[in-house]
Amino acid sequence: MDPSKFASAPPAGWSGEKSSMGHAPPPPYQDQPYPGYPQPGPGYPPHPQGYGSPPQYGGAVGQQPYPMGQQATVTVQPTVYVAQGPLAHPVNDYLCYSIFTMLCCCLPLGIAALIYSILAREANHVGNQVGAEQNSKTARKLNHVGLGIGIVFTVLTIVLYVVAANMH
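Fair warning: this is a prediction, and the values are worked out from it, not measured in the lab.

### Structural notes on helix α2 (residues 107-126)
Here α2 contains 20 residues, and its C-alpha end-to-end distance of 29 Å stays within 8% of the 28 Å for a straight helix at 1.5 Å per residue. Along α2, the positions that sit buried rather than exposed are L109, G110, A113, L114, S117, A120, A123 and N124. Contacts made by the buried residues of α2 are with α1 (95-105) and α3 (129-167). G127, located one to two residues past α2, shows a positive phi value of around 90°.

### Some details on the packing of α1 against α2
The N-to-C vectors of α1 and α2 enclose an angle of 165°; their axes lie 7 Å apart at closest approach. In terms of axis orientation, α1 runs roughly antiparallel to α2. In this structure, α1 meets α2 at a crossing whose hand is left-handed. Contacts from L95, S98, I99, T101, M102 and C105 of α1 reach α2 at L107, G110, I111, A113, L114, S117, I118 and R121.

### Topic: the pattern of salt bridges
A side chain of one charge can pair with a side chain of the opposite charge if their charged atoms are brought near each other. Evaluation of the coordinates by the stated rule reveals one salt bridge. R121 is paired through a salt bridge with D93; the nearest N and O atoms lie 2.7 Å apart. With R121 in helix α2 and D93 in the segment before α1, the pair connects residues that are 28 residues apart, well separated along the chain. On the accessibility criterion, D93 (11% relative accessible area) is buried.

### Points about the UniProt feature "transmembrane region" (unreviewed entry) in the chain
Per the UniProt annotation, the sites labelled "transmembrane region" (unreviewed entry) are residues 94-119 and 145-164. Helix makes up 100% of residues 145-164 and strand makes up 0%, while its end C-alpha atoms are separated by 28 Å.

### Notes on the side chain of D93
A polar side-chain atom of D93 sits 2.7 Å from a polar atom in the side chain of R121. In this structure D93 touches S117, A120, R121 and A139, once residues within four positions along its chain are discounted.

Definitions and limits used
Residues numbered from 1 in each chain as written. Predicted model: local features only at pLDDT ≥ 70, side-chain atom pairs only at ≥ 80, totals over all residues. Heavy atoms only, no water. Helix = DSSP H or I, 4+ residues; strand = E, 2+ residues; numbered from the N terminus. Expected span 1.5 Å × (residues − 1). Buried < 20%, exposed > 50% of the residue type's maximum accessible area, 1.4 Å probe, protein only. Contact = heavy atoms within 4.5 Å. Axes fitted to C-alpha atoms, helices over the stretch in contact; angles between N-to-C directions. Parallel < 35°, antiparallel > 145°, perpendicular 65-115°, else oblique. Left-handed = near helix turned anticlockwise from the far one by under 90°. Salt bridge = Lys/Arg side-chain N within 4 Å of Asp/Glu carboxyl O. UniProt positions renumbered as here; feature names shortened; annotations may be inferred. Polar contact = N/O pair within 3.5 Å; in protein donor to acceptor, adjacent residues only side chain to side chain.

Here you go:
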């Protein structure tokens, strides 16, 4: 098989070198990197050796004002975030009570109580006393209502079985 007969083969006059594709060649290298501008100098003058007197600022009597021709150095400080740690005396989160209510008494209220218990636990962990107390109270209320519904439902179920058994 001849590779020049394939459709993807280069044209017959192709030499293998990249073409300029209509672009002009790059300009030649120049020793002066900034034509039309003066050569960059050494920058700032060298600092004297040793420690001199500190610069004078402000409006105290006998002091000169800040010189306007010089640039001031600005130091940017990093941002500091202050976060609280876990509470020293954490609020009760009623997690076990919520799991019991969810599995044994009333599933919907147990799930809601479990969510509030987890929120109370997270608030305890990040140090949010108010949030922990609110979520803990909500979880406790939901657990009490769910337990009450579960007990009433269990008692009604037993009563109905006993009545149904005595009727036969």
